[in-house]
Amino acid sequence: MPFSDQVIAIAGAAGNLGEAVARAFVETGANLALVDRSEGQLQQVFPDLVADSHHMMTECADMTNPDIVKGTVSRILDRFQRLDVLVSVVGAYRAGEPLHKTSLDTLDFMMNVNARTFFIACRAVIPTMVSQGYGRIVGVAARPGLKADANMSAYAASKSAVLRFTESMAEELKHDGITVNSVIPGTLDTPQNREALPDADFERWVQPASLARVIVFLASPDAGDISGAALPVYGRS
């Protein structure tokens with residue numbers, strides 16, 4: 001059980017990927033700090049973990065608010081006295097118009113939910129990881145962050161920011177026992193994506209549980225020599 005003494009914070013834990021990541025870490029014996037924006041959503045998704053003393057559910061009203069995130073991290077540290085891994089799966093998708101027709105509201109929303117949340121969460125946990133001399137950070141980017149298609153400029157820019165944050169932090173923290181990596185998933189097989197793309201070949205899509213296992217690997221001691229990577233997990237999508 002490689003994570004039996006470790007504390008794993010998962011931001012966005014109540015979503016499809018967040019739940020898969022949490023379930024994967026439960027199997028490793030980790031202590032989980034589950035964070036989500038939605039009031040009561042964590043209890044609905046994880047009823048079996050509510051009374052488990054190895055885990056805590058810390059609802060956060062707004063992951064874009066640095067004071068709230070700092071308070072959330074403080075509560076995690078009060079409970080466990082350490083924080084070994086941050087997995088941030090907070091994100092959203094909004095696209096469909098060329099840049100000259102894309103509203104500033106869409107740009108702000110994409111940069112806030114995809115880039116700002118990752119920036120703030122990392123900034124909140126890094127001092128603790130530095131003082132411990134150990135830490136793992138894993139973010140979630142997207143293929144348009146590498147090369148954008150038409151009509152998704154704001155989304156692509158926000159996911160590119162996740163990759164640039166990953167690269168910069170990896171360089172900054174490489175002498176502190178901390179690795180920072182991101183995954184780049186293909187289309188995830190979720191109810192929402194099936195509804196949006198009903199004619200697609202779902203068998204080609206990436207299962208959230210499969211992506212979760214990759215994230216667990218990047219957070220493990222076995223991945224200690226991997227940092228600054230953007231790992232593609234495309235399946236056949």
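Refer to the preceding data block for the structure.
What this report covers is the structure whose coordinates are included nearby. Just so we're clear, the structure is a prediction, and the values are computed from it rather than from any experiment.

### Section: the overall build of the protein
Move 1: Looking only at helices and strands, the protein features 7 helices and 7 strands.
Move 2: In the protein, the order of α-helices and β-strands from amino to carboxyl end is β-α-β-α-β-α-β-α-β-α-β-α-α-β.
Move 3: The C-alpha radius of gyration computed for the protein amounts to 17 Å, which stays within 12% of the reference 18 Å derived for 237 residues, consistent with globular compactness.
Move 4: In terms of overall dimensions, the protein has C-alpha extents of about 50 × 40 × 35 Å along its principal axes.

### Some words on the pairing of strand β5 (residues 135-140)
Strand residues, when the strand is regular, have side chains that alternate between the two faces of the sheet.
Move 1: The buried count for β5 comes to 6 of 6 residues, which makes it a mostly enclosed element.
Move 2: Side chains G135, I137 and G139 project from β5 onto one buried face, and the interleaved R136, V138 and V140 project onto a second face that is buried too.
Move 3: Inspection of the sheet shows strand β4 (residues 85-88) paired to β5 by 4 bridges, in the parallel sense. Each bridged residue has a counterpart across the sheet, and for S88 the counterpart in β5 is G139.
Move 4: One ladder, built from 6 bridges, connects β5 with strand β6 (residues 178-185); its direction is parallel. Bridge pairing in β6 links G139 to S182.

### Here's the deal with the nonpolar core
Move 1: In terms of nonpolar packing, the biggest core is built from 37 residues, with M63, I76, L86 and I137 touching the most fellow members.
Move 2: Breaking this core down by element, the ones donating at least two residues are β1 (7-11), β2 (31-36), α3 (66-80), α4 (104-132), α5 (153-173) and β6.
Move 3: Of the residues forming this core, the biggest block, 9 residues, is contributed by α4.
Move 4: Setting aside anything within four residues of it in sequence, one finds I137 in contact with L86, F118, C122, V125, I126, M129, T179, V180 and N181.
Move 5: Core analysis: the second largest hydrophobic core is formed by 33 residues, A14, F46, V89 and L188 among them.

### Describing the side chain of T64
Move 1: In this fold, T64 is placed in the loop between β3 (55-59) and α3.
Move 2: A polar side-chain atom of T64 sits 2.5 Å from a polar atom in the side chain of D62.
Move 3: Among residues more than four places away in sequence, those in contact with T64 are N112, R116, T117 and I120.

### Observations concerning helix α7 (residues 208-218)
Move 1: Where α7 is concerned, the buried positions are P208, L211, A212, I215, V216 and L218. End-on view of α7: buried residues confined to an arc of 160°, all on one side of the axis.
Move 2: Lining the buried residues of α7 we find α1 (16-26), β4, β5, β6 and β7 (230-233).

Definitions and cut-offs
Residues numbered from 1 in each chain as written. Predicted model: local features only at pLDDT ≥ 70, side-chain atom pairs only at ≥ 80, totals over all residues. Heavy atoms only, no water. Helix = DSSP H or I, 4+ residues; strand = E, 2+ residues; numbered from the N terminus. Rg over C-alpha atoms; globule rule 2.2 N^0.38 Å. Buried < 20%, exposed > 50% of the residue type's maximum accessible area, 1.4 Å probe, protein only. Pairing = 2+ DSSP bridges. Core = buried A, V, L, I, M, F, W, Y, C linked by side-chain atoms within 4.5 Å. Contact = heavy atoms within 4.5 Å. Polar contact = N/O pair within 3.5 Å; in protein donor to acceptor, adjacent residues only side chain to side chain. Arc of directions from axis to C-beta.

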